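Now for the letters of each chain:
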Amino acid sequence: MNSLFTPLSWDDTGYILTGVWNTITISVVAIVAGTLLGMIVGFARAESNKTVNFLFGSVLDILRSVPLIIQLILFSTFVGAIGHPMNPFVAGSIVLSLYTMAFMSEVFRGGFESVSKSMQTAARSLGMTYWQTIYHIRFPIGLRAVLPSWMGVALSVIKDSALVSVIGYMELLRTSEQLISRTQQPLEILIGVGLFYFIISYPLSHYGRYLERKMAI
Amino acid sequence: MISVQNVHKSFGDLEVLKGVSLDVPNGEVLSVIGGSGSGKSTLLYCINAIETINSGKILVDDVDVHSKDTNKDKLRQKLGMVFQHFNAFPHMTVLENAALAPRIVKKMSKEEAIEIAKKELEHVGLGDKFDVYPTRMSGGQQQRLAIARALAMKPDFMLLDEVTSALDPELVGEVLDTLRLLADEGMTMICVTHEMGFARDVSDRVAYFHQGVIAEIGEAKQVITEPQNPLTQKFLSKVR
Ligand SMILES: Nc1ncnc2c1ncn2[C@@H]1O[C@H](COP(=O)(O)OP(=O)(O)OP(=O)(O)O)[C@@H](O)[C@H]1O
Ligand SMILES: [Mg+2]
């Protein structure tokens, strides 16, 4: 027997679970941060004039168009070059969150803009203040409208998080790559990893559709 | 009383109100008629401080609507407004629609707000719809909800902007009946309308708007049946 390669065994469970945990962690961080930032930026864009929007929009266009893998490498190389190297989790979280924000902001902007001016005027005519109208009318209606698109972005972030492996973050894909090079069992391992992404995404997208039906207005 | 004094209003280069003066005493129902673009809606929006004015003055119970010192949100509580579009809040039940403003604007307790909302919904004939979502109701029902929602704020005046124009013909009657009820109860109202029968029968006076000025104003029956101004005559012969 070749002692260089050792087959997959139950002892690898902990290692795999670390990868699973790290994938979930960075996905949750990026979805939460990207959602909050995206909500703020999306709202600001829905409320701003053309010029401000053009400037805002260009930055977001860059974030959306440059492939995530390049943004990850550029960012972690850049912070290293200016003498502030970051650990892969921090660097990955920042890049993935901003990337998520860029998509979420468009989603939320569409939602806020879907609430008609005349609906807002009706609320104001009842004596509601600007902020009361936003809190009680515009946000709840806008957010319901975008739930399906939000879910779509969130699911793709879970999958995109695999790319953070390129800067050395030990998420599921990277742990599995290392297991593959040790065990030489790519098929079993990659099928397992694929299954994991499926098991996470499928119920989420179903739950999303359920929520969508339930909140249909 | 609502007092409009020589109001001018422009959108950019377009002068929409060209010196409008008008007094609506308490208890009066005034219908405003006129062609498209003559400034009828703009006048209501200016009274409710949704739009600013360029010159002149509007007083609501002696409060200068467009003064910097006037709290516009507070002022609007006195002025109920209903629009052509129903604008029901789609994420709330009928009862929640009507109870929202009393609760968050007037800071009533939840129980108080619900009680007043129920009363006004019953008032407009929606007593059996409390827990329904407005999108499941007819246009006529949604428009009556909009009226009840405004009434729940206990306004002293109602401003109505073509509230039947978006309705299917067979639903117009139920909304006009509701307005007639309010008129009988003594509510002070300014109704922009294309319903000449309503203007003639329900209102005390009718004002005819033509290109940003009041071309004729007078007792309702007289203006509708025997208009004095040739412009009014021409307009009425076209809408009949
Ligand atoms: N926010 C706005 N910005 C620019 N122009 C406006 C605005 N609101 C209204 N106008 C213009 O002002 C004029 C008067 O509009 P207004 O809505 O008061 O007319 P109206 O008498 O209510 O007509 P209609 O019977 O069609 O409702 C129109 O020419 C309209 O295009
Ligand atoms: Mg109008």
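These numbers come from a predicted model, not from an experiment.

## Details of the UniProt feature "domain: ABC transmembrane type-1" (unreviewed entry) in chain A
Then comes step 1: In the numbering used here, UniProt assigns the "domain: ABC transmembrane type-1" (unreviewed entry) feature to residues 20-208 of chain A.
Then comes step 2: Measuring from the first to the last C-alpha atom of residues 20-208 of chain A gives 22 Å, for a span that is 84% helix and 0% strand.

## A few points about the packing of helix α2 (residues 50-65) of chain A against helix α4 (residues 88-113) of chain A
Residue and element names in this part refer to chain A.
Then comes step 1: Look at α2 against α4: their axes get within 8 Å of each other, and the N-to-C directions meet at 130°. Viewed along their axes, α2 and α4 adopt a mutual orientation that is oblique. For the pair α2 and α4, the crossing hand works out as left-handed. Residues N53, L60, L63 and R64 of α2 form the contact with α4, whose participating residues are L98, Y99, M101, A102, F103, S105, E106 and R109.

## As for helix α7 (residues 172-183) of chain A
Residues and elements named next belong to chain A.
Then comes step 1: Along its 12 residues, α7 runs 16 Å from first to last C-alpha, staying within 8% of the 16 Å computed at 1.5 Å per residue.
Then comes step 2: Regarding α7, the residues found buried are L172, T175, S176, L179, I180 and T183. Buried residues of α7, seen end-on, are gathered within an arc of 140° and therefore sit on one face of the element.
Then comes step 3: Taken together, the buried residues of α7 touch α1 (13-47) and α8 (186-214).
Then comes step 4: A side-chain oxygen of the first residue of α7 lies 3.0 Å from the backbone nitrogen of L173; this N-cap is E171.

## Let's talk about the pattern of salt bridges
Then comes step 1: Tallied over the entire structure, the rule returns 15 salt bridges over all chains.
Then comes step 2: Residues A:D12 and A:R182 are paired through a salt bridge, measuring 3.0 Å at the closest nitrogen-oxygen approach. Taken as a pair, A:D12 in the segment before α1 and A:R182 in helix α7 lie far apart in primary sequence, 170 residues in all.
Then comes step 3: Under the relative-accessibility criterion, A:D12 is labelled buried at 7%.
Then comes step 4: Between B:D73 and A:R124 there is a salt bridge, with the nearest N and O atoms lying 3.4 Å from each other. Taken as a pair, B:D73 in helix α2 (residues 72-76) and A:R124 in helix α5 (residues 117-125) lie in two separate chains rather than in one.
Then comes step 5: Where salt bridges share partners, they join A:R45, A:E106, A:R109 and A:E113 into one cluster.

## Side note on the packing of α1(A) against α7(A)
In helix packing, the relevant descriptors are the interaxial angle and the interaxial distance, both defined with respect to the helix axes.
Residues and elements named next belong to chain A.
Then comes step 1: Between α1 and α7, whose axes approach to 7 Å, the crossing angle comes to 155°. What the angle tells us is that α1 and α7 run roughly antiparallel. Each of Y15, I16, G19, V20 and T23 in α1 lies in contact with α7, whose residues at this interface are L172, T175, Q178 and L179.
Then comes step 2: A breakdown of the residues in the contact of α1 with α7 according to their chemical character gives five nonpolar, four polar and no charged.

## A word on the sheet that holds strand β2 (residues 14-24) of chain B
Residue and element names in this part refer to chain B.
Then comes step 1: With antiparallel pairing, the four strands of this open sheet are ordered in space as β2-β1-β4-β5. For this open sheet the edge positions go to β2 and β5 (63-64), each flanked by a neighbour on one side alone.
Then comes step 2: One ladder, built from five bridges, connects strand β1 (residues 2-11) with strand β4 (residues 55-60); its direction is antiparallel. For Q5, the partnering residue across the bridge sits in β4 and is K57.

## Focus: the site of ligand 1
Residue and element names in this part refer to chain B.
Then comes step 1: Close contacts around ligand 1 come from 13 residues, with S36, G37, K40, S41 and T42 the closest.
Then comes step 2: At 2.8 Å, a backbone N or O of G37 approaches an oxygen atom of ligand 1.
Then comes step 3: Within the backbone of S38, an N or O atom sits 3.2 Å from an oxygen atom of ligand 1.
Then comes step 4: Counting only elements with at least two residues in the shell around ligand 1, the list comes to β2 and α1 (40-47).
Then comes step 5: Ranked by residues supplied to the shell around ligand 1, first place goes to α1 with three residues.
Then comes step 6: Per-class residue counts for the shell around ligand 1 are three nonpolar, seven polar and three charged.

## Regarding the environment of A:M104
Residues and elements named next belong to chain A.
Then comes step 1: Looking at the element boundaries, M104 is found in helix α4.
Then comes step 2: Along the backbone, M104 and V146 are 42 residues apart, and their C-alpha atoms lie at a distance of 9.8 Å.
Then comes step 3: Among all residues touching M104, those that are not within four sequence positions of it are G34, T35, G38, W150, V153 and A154.

## Thoughts on a nonpolar patch on the surface
Then comes step 1: A cluster of nonpolar side chains, namely A:L187, A:I191, A:L195, A:F198, A:I199 and A:Y202, defines an oily patch on the protein surface of about 650 Å² accessible area.
Then comes step 2: On the secondary structure map, A:I199 appears in helix α8.

## A closer look at the UniProt feature "transmembrane region" (unreviewed entry) in chain A
All names here are of chain A.
Then comes step 1: UniProt records the feature "transmembrane region" (unreviewed entry) at residues 20-44, 65-83, 89-108, 145-169 and 189-205, using the numbering of this structure.
Then comes step 2: Across residues 89-108 one finds 100% helix and 0% strand; the C-alpha atoms that close the span lie 27 Å apart.
Then comes step 3: Along residues 145-169 one finds 64% helix and 0% strand; the C-alpha atoms at either end are 35 Å apart.

Cut-offs used in this document
- Chains are numbered independently. Their residues run from 1 in the order of the written sequence.
- Chains carry letters from A onward and ligands carry numbers from 1 onward, assigned in written order.
- At least 70 in pLDDT is required for a residue's local features to be given in this predicted model, at least 80 for side-chain atom pairs to be given and counted, and no such filter applies to totals for whole chains, interfaces and linings, which use all residues.
- Calculated side-chain values reflect all of the structure's heavy atoms, with hydrogen atoms and water omitted.
- UniProt positions are given in the numbering used here, feature names are shortened, and annotations may be inferred rather than shown by experiment.
- A run of DSSP states H or I qualifies as a helix once it reaches four residues; a run of E qualifies as a strand once it reaches two. Both are numbered from the N-terminal end.
- The angle between two axes is taken between their N-to-C directions and runs from 0 to 180 degrees, where each axis is a line fitted to C-alpha atoms and a helix contributes only its stretch in contact.
- Any angle from 65 to 115 degrees is called roughly perpendicular, while one under 35 is roughly parallel, one over 145 is roughly antiparallel, and all others are oblique.
- Take the far helix as the reference: if the near one is turned anticlockwise from it by less than a right angle, the crossing is left-handed, and if turned clockwise, right-handed.
- Residues count as neighbours in contact if any of their non-hydrogen atoms are within 4.5 Å of one another.
- Expected span, for any helix, means 1.5 Å times one less than how many residues it has.
- The rule is simple: take the accessible area with a 1.4 Å probe, protein chains only, and divide by the maximum for that residue type; under 20% is buried, over 50% is exposed, in between is partly exposed.
- When we speak of the arc, we mean the arc of directions from the helix axis to the C-beta atoms.
- Polar contact is the term for a pair of N or O atoms within 3.5 Å; when the atoms are in protein, one must be able to donate a hydrogen and the other to accept it, and sequence-neighboring residues count only if both atoms are side-chain atoms.
- The term salt bridge refers to a side-chain nitrogen of Lys or Arg lying within 4 Å of a carboxyl oxygen of Asp or Glu.
- When residues are sorted by character, Ala, Val, Leu, Ile, Met, Phe, Trp, Tyr, Cys and Pro go into the nonpolar class, Asp, Glu, Lys and Arg into the charged class, and all the rest, Gly among them, into the polar class.
- The criterion for strand pairing is that DSSP finds at least two bridges linking the strands in question.
- Near residues are defined by distance, with any heavy atom within 4 Å of the molecule or strand qualifying the residue.
- To count toward a patch, a residue needs a relative accessible area over 30% and no salt bridge; like charges are then connected within 9 Å, while nonpolar side chains (Val, Leu, Ile, Met, Phe, Trp, Tyr) are connected within 5 Å.
- Note on areas: Shrake-Rupley, 1.4 Å probe, and residue coverage restricted to the protein chains presented here.

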